[in-house]
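Chains, contacts and geometry: an overview
One-letter residues, chain by chain:
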Amino acid sequence: MSKSDIAKLEAEIYAKNLELTRLRGEVAGEEVADYTFETQEGEVRLSELFADKSQLLLIHNMGQGCRYCTLWGDGISAFLPHLESEIAVAMVSKDDPATQRRFANSRGWRFRMASHANSNYLQEQYCGPEPGNYPGAISYELRDGKILRKNTCEFGPGDLYCSFWHLLGLFGLGANDWTAQYNYWQRPSKLDDGGDNVLG
């Protein structure tokens, strides 16, 4: 494939993505319940996660046990100030609130976190092909006191929602060529500082 073939395909993908954005904007949305979640501050309702905004991006994270969910979380966290200038953003997972916060702090995440472990939220508002703990995101809108589910997406290698894959793709590398890790630091066989109290 030549450079011109690649440029042509990129232009087609760009045009299709513009069309996808337009179509998503036309979705009327369907009303959903005001689900209850647990946080470190106590119980919170879905409507409260909107804060002072009318739109909410609710990120579905599988929990601290998933390296790939951590990759998406790291990427979205970097965009958080930009996103929150326009919409509300929160992350939910099955982990309990204390575990969520410890893990978020270890990654430097500033997401508002909430646990759906003790509610029926995930059975009704899932991102995958069927009910289950799939990673992804849902866009909600608060309109006239009603919560509307607008659009949803599932996260996975090579998708539109993690820029890492597209940067890796510049080198012809894909999901089969790389595996996410929690930490990429490799302990040397000899530590010049003596090696006392090394964690990990």
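Here is a short report on the structure shown in this document. Worth saying up front: this structure is predicted, and the values here are computed from it rather than measured. (Residues numbered from 1 in each chain as written. Predicted model: local features only at pLDDT ≥ 70, side-chain atom pairs only at ≥ 80, totals over all residues. Heavy atoms only, no water.)

1. Quick notes on the packing of aromatic side chains
- Applying the stated criterion across every chain yields a total of 13 aromatic pairs.
- For the ring pair tryptophan 72 and phenylalanine 155, a centre distance of 6.0 Å and an interplane angle of 15° mean the geometry is stacked. One end of the pair, tryptophan 72, is in helix 2 (residues 67-78); the other, phenylalanine 155, is in the loop between strand 8 (146-154) and helix 6 (163-169), with 83 residues separating them in the sequence. (Phe/Tyr/Trp six-rings, centres within 6.5 Å; stacked < 30°, edge-to-face > 60°. Helix = DSSP H or I, 4+ residues; strand = E, 2+ residues; numbered from the N terminus.)

2. Details of the pairing of strand 5 (residues 88-93)
- With respect to burial, strand 5 is a largely interior element, six of its six residues being buried.
- Here strand 5 shows two buried faces, one formed by Ala88, Ala90 and Val92 and the other by Val89, Met91 and Ser93.
- Summarising the sheet, strand 4 (residues 55-60) and strand 5 pair through five bridges and their orientation is parallel. Each residue of the ladder has a partner; that of histidine 60, found in strand 5, is valine 92. (Buried < 20%, exposed > 50% of the residue type's maximum accessible area, 1.4 Å probe, protein only. Pairing = 2+ DSSP bridges.)

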